[in-house]
Amino acid sequence: MKKFFISTLVLLGLSMNVYGQKHPPVPPHPSKTELINAKSRELDKRYNQEKKLIMNHPLATKKMKQDQMKALNQKYRSQKKLLKKM
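This report concerns the structure included in the present document.

Reading guide: rules and limits
Residues numbered from 1 in each chain as written. Predicted model: local features only at pLDDT ≥ 70, side-chain atom pairs only at ≥ 80, totals over all residues. Heavy atoms only, no water. Helix = DSSP H or I, 4+ residues; strand = E, 2+ residues; numbered from the N terminus. Buried < 20%, exposed > 50% of the residue type's maximum accessible area, 1.4 Å probe, protein only. Areas by Shrake-Rupley, 256 points an atom, 1.4 Å probe, with all protein chains shown as cover. Expected span 1.5 Å × (residues − 1). Salt bridge = Lys/Arg side-chain N within 4 Å of Asp/Glu carboxyl O.

1. What to know about the overall build of the protein
Thinking step 1. From N to C terminus, the protein includes three helices and zero strands.
Thinking step 2. When the helices and strands of the protein are read in sequence order from the N terminus, they spell out α-α-α.
Thinking step 3. The burial tally for the protein puts 13% of its 86 residues in the buried class.
Thinking step 4. Looking at the protein as shown, the accessible area adds up to about 8100 Å², and 64% of this sits on carbon and sulfur atoms.

2. Topic: helix α2 (residues 32-55)
Thinking step 1. Compared with the 34 Å implied by 1.5 Å per residue over 24 residues, the 34 Å span of α2 between its first and last C-alpha is a close match.
Thinking step 2. All buried positions along α2 are accounted for by Ile36, Ser40, Leu43, Tyr47 and Ile54.

3. A word on the pattern of salt bridges
Thinking step 1. Under the defined criterion, the tally for this structure stands at three salt bridges.
Thinking step 2. Measuring nitrogen to oxygen at the nearest pair gives 3.4 Å for the salt bridge that ties Asp44 to Lys80. On the criterion of sequence distance, the pair formed by Asp44 in helix α2 and Lys80 in helix α3 (residues 62-85) is long-range, its members being 36 residues apart.
Thinking step 3. Across the pair Asp67 and Lys63 runs a salt bridge whose closest N-O atoms are separated by 3.5 Å. Of the two residues, Asp67 and Lys63 both sit in helix α3, four residues apart, roughly one turn of that helix.
Thinking step 4. In this structure Asp67 comes out as partly exposed when scored by relative accessible area, which is 38%.

Quick look at the structure:
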């Protein structure tokens, strides 16, 4: 009887340990403002990278760079507006 009791406790302990490993606690979801701020930072980072690529392009003429920057600025403004509407 004593062996049965000990083996049941060990088995129960191991099964609880395995259950805890299978189901980690769910991470908290970011709030709406945190999500918008993260998207905004990502958008700014991508904008700066594209701007740097346009400005440092060796073969593009000044007019081509101006046109590309206008298009990039317009795209950036529209995406910022969409983020603010959320």
